[in-house]
Amino acid sequence: MRRIVLFDGECNLCDASVQFILKRDPSGMFHFTSLQSEIGQSLLLEYNIPATTNSFLLLEGEHYFTESTAALKVARNLSGFWKLFYFGIVIPKPLRDVVYKWIAKNRYKWFGKKQECMLPTPEQKGRFLIDKK
């Protein structure tokens with residue numbers, strides 16, 4: 001099953017989240033692309049996701065997940081005790097998303113914006129969907 005994480009390529013917190021996932025996904029289950037990339041934009045269209053979406057998304061097979069649900073579904077597949085965070089799924093989504101949206105709203109203020117794109121290591125390169133130019 002195809003699992004793609006779409007992230008805000010300008011966000012330091014989002015970049016840190018991608019690095020966190022890479023370190024805890026030794027089987028290479030997740031692939032990544034930024035929302036701002038051509039591939040990210042085409043995936044938004046393919047899945048009928050609103051173009052105004054500007055935060056973390058998980059595409060899993062034919063479905064997509066946003067906000068706290070996306071984060072919890074990723075955590076479920078990470079190595080170590082991070083899987084335990086998935087039990088948070090029992091909290092109603094509107095309650096989980098209040099916290100998620102508060103962090104997302106303040107992410108640039110608290111963590112800043114990236115001035116340049118992250119360059120994946122040679123080992124990570126195959127995990128990123130890159131625009132062909």
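Heads up: the structure comes first, above all this text.
My aim in this report is to walk through the structure given alongside it, one point at a time. (Residues numbered from 1 in each chain as written. Predicted model: local features only at pLDDT ≥ 70, side-chain atom pairs only at ≥ 80, totals over all residues. Heavy atoms only, no water.)

Attention now goes to the overall build of the protein chain. When you go through the protein chain residue by residue, the secondary structure sums to 4 helices and 4 strands. Element order for the protein chain, N to C, with α for helix and β for strand: β-α-β-α-β-β-α-α. Relative to the globule expectation of 14 Å for 133 residues, the C-alpha radius of gyration of the protein chain, 14 Å, shows essentially globular dimensions. The principal-axis extent of the C-alpha atoms belonging to the protein chain is close to 45 × 30 × 30 Å. Out of the 133 residues in the protein chain, the part that is buried amounts to 38%. For the protein chain, the proportion of contacts with a sequence separation of at least 24, taken over those separated by at least 6, is 66%. Across the protein chain, the centroid of the 19 positively charged side chains sits 5 Å from that of the 13 negatively charged ones. (Helix = DSSP H or I, 4+ residues; strand = E, 2+ residues; numbered from the N terminus. Rg over C-alpha atoms; globule rule 2.2 N^0.38 Å. Buried < 20%, exposed > 50% of the residue type's maximum accessible area, 1.4 Å probe, protein only. Contact = heavy atoms within 4.5 Å. Lys, Arg positive; Asp, Glu negative; His and termini not counted. Charge placed at Lys NZ, Arg CZ, Asp CG, Glu CD.)

All right, on to the packing of helix α3 (residues 67-76) against helix α4 (residues 93-111) then. Running from amino to carboxyl end, α3 crosses α4 at an angle of 95°, the nearest separation of the two axes being 7 Å. Classified by the angle between their axes, α3 and α4 sit roughly perpendicular to one another. Facing α3, whose interface residues are Glu67, Ser68, Thr69 and Leu72, α4 presents Lys93, Arg96, Asp97, Tyr100 and Lys101. Here the residues of the contact of α3 with α4 sort into 2 nonpolar, 2 polar and 5 charged. (Axes fitted to C-alpha atoms, helices over the stretch in contact; angles between N-to-C directions. Parallel < 35°, antiparallel > 145°, perpendicular 65-115°, else oblique. Nonpolar A, V, L, I, M, F, W, Y, C, P; charged D, E, K, R; others polar.)

The buried fraction of strand β1 (residues 3-7) is high, at 5 of 5 residues. Neither face of β1 is open: one carries Arg3, Val5 and Phe7, the other Ile4 and Leu6, and all of them are buried. Relative to strand β3 (residues 57-60), β1 runs antiparallel, the two being bridged by 4 bridges. Each bridged residue has a counterpart across the sheet, and for Ile4 the counterpart in β3 is Leu59. Taken together, β1, helix α1 (residues 12-23) and strand β2 (residues 31-34) constitute a β-α-β crossover, and its handedness is right-handed. (Pairing = 2+ DSSP bridges. Right-handed = clockwise from strand over helix to strand, strands pointing away.)

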